[in-house]
Amino acid sequence: MTDRERQIIDLLLQNPMLTQEEIANALGITRSSAGVHLMNLSKEGHILGRGYVLAELTEKYVVGIGAANIDLMGRSKNGLMQEDSNPGQIKMSVGGVTHNICSNLARMGIPVKFITAVGDDMYAEKIRKDCVEAGIDTSHFLTLPNQVSSAYLSIHDSSGEMSVAISDMRVLQQLSVEFLKTKNRLLCKASAIVMDTGLPTEILEYVSQTYGAHIPIFVDPVSTTYSEKLLGSLEHYHTIKPNRQELEVLAGIPAQGREEITHAGRLLLDRGVNRVVVSWGRRGSLSVDQNGTVLLAKPTPIEQMANATGAGDSFMSGLIYGHLKGLSPEDTLQYATAASRLTIQSEYTIDPFITEQAVWEAARAGAAEITRI
């Protein structure tokens, strides 16, 4: 989609009944040029039928709001030596928690619209290209001139486990409530919304309080520091996926063993969250929900872990997929674990071969042992 076509989509979001002449006048182009752009948008499936009904307002889709950045990953060839130069490999890819979730969802066949902020640099071009290739709608990006797009640098040991990381998400902080208000119609029609806590606190609160009553909102706390942004209001979230340390921040109590994790999760349920799914490292995951269901998913052993980065993001995409497809809690957790398993076995943060069918095959093969507690 060209910049001009994105401008036309924005106009039609405000008034789908605009004529070609009105569109041309608003953009300062000829009526024939407007007609060509509208024809292209129709061929590409962005507008449907008479009155320029927007496809995004008639199809079921997920809206992702959050980070999209360039990932620079360094992996040591041998044991990681602190305060020294380590021989190894450095790879560049497109990442960001919400981007990764959206990319996995799109590869699973779920329509995805992505709202993020990028600069006007070469990184932004790579981010947009990567999203389009995955099947993500990028027409709702906020592009900021003379700004640097987000970047994430991570260092891993020889086994693939992350040792330390640095994130530069300054451009994302310029995503504003005012900008999101221009996307109100898009958000109102979403089947689900997913966010990460790299967003400004006012964005998290605005989206959850404005749309959480009628649209399921999924949120990844991302880190113990960022988790604190959720402490003010939890009642409007459908699903929160913290790890054990993030859970301790959110619940305000220790969460070491299974009983403590379950208790901490229930404290979040008491504050209005519909479901809490805790990532528990190699031990798997533990899910508690408002129906009183407590599930423990113990993953089956993996011979070789290629890369742990991105496993939690594919897991979240599996949770969203399960909700949209109406799967049982057990099947949802099995599917999410299978998605995570495929990612761990790939050398990439997002497995380029992940598909709905591939995840189902891994799930049916028994990606995890699911136990009701």
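Residues numbered from 1 in each chain as written. Predicted model: local features only at pLDDT ≥ 70, side-chain atom pairs only at ≥ 80, totals over all residues. Heavy atoms only, no water.

Peer 1: Would you mind going over the sheet that holds strand S3 (residues 62-65) with me for this structure?
Peer 2: Strand pairs in the sheet, formed through backbone hydrogen bonds, run parallel or antiparallel to each other. Ordered by their spatial adjacency, 10 strands build an open sheet running S8-S6-S3-S12-S13-S14-S15-S16-S17-S18, and the pairing between neighbours is mixed. Where the open sheet ends on each side, the last strands, each with one partner, are strand S8 (136-137) and strand S18 (368-372). Bridge analysis of S3 against strand S6 (residues 112-115) gives four bridges, and the strand direction is parallel. Looking across to S6, one finds that valine 63 is bridged to lysine 113. (Pairing = 2+ DSSP bridges. Helix = DSSP H or I, 4+ residues; strand = E, 2+ residues; numbered from the N terminus.)

Peer 1: Where do I start with the packing of aromatic side chains in this structure?
Peer 2: Pairs of aromatic rings are described using the distance from one ring centre to the other and the angle between the two planes. Taken as a whole, this structure holds five aromatic pairs when the rule is applied. Ring geometry for tyrosine 206 and tyrosine 211: centres 6.2 Å apart, planes at 90 degrees, overall edge-to-face. Given the relative accessible area of 17%, tyrosine 206 is considered buried. For tyrosine 211, a relative accessible area of 1% translates into the label buried. Ring plane angle 65 degrees and centroid distance 5.0 Å describe the contact between tyrosine 335 and tryptophan 360, whose orientation is recorded as edge-to-face. Here tyrosine 335, found in helix H13 (residues 329-344), pairs with tryptophan 360, found in helix H14 (residues 356-364); they are 25 residues apart in sequence, far enough to count as distant. In this structure, lysine 91 packs its charged tip against the face of tyrosine 348, placed 5.9 Å from the ring centre. (Phe/Tyr/Trp six-rings, centres within 6.5 Å; stacked < 30°, edge-to-face > 60°. Buried < 20%, exposed > 50% of the residue type's maximum accessible area, 1.4 Å probe, protein only. Lys NZ or Arg CZ within 6 Å of the ring centre and 35° of its normal.)

Peer 1: Could you clarify how one ought to interpret the packing of H13 against H14 in this entry?
Peer 2: To describe two helices that pack against each other, one gives the angle between their axes and the distance between the axes. Viewed as axis vectors pointing N to C, H13 and H14 meet at an angle of 105 degrees, and their least axial separation amounts to 8 Å. When the interaxial angle is binned, H13 and H14 end up roughly perpendicular. Each of Gln334, Tyr335, Ala338, Ala339 and Leu342 in H13 lies in contact with H14, whose residues at this interface are Glu356, Ala358, Val359, Trp360, Ala362 and Ala363. Residues belonging to the contact of H13 with H14 are distributed by class as follows: nine nonpolar, one polar and one charged. (Axes fitted to C-alpha atoms, helices over the stretch in contact; angles between N-to-C directions. Parallel < 35°, antiparallel > 145°, perpendicular 65-115°, else oblique. Contact = heavy atoms within 4.5 Å. Nonpolar A, V, L, I, M, F, W, Y, C, P; charged D, E, K, R; others polar.)

Fair warning: the whole summary comes from geometry, so function is off the table for now.
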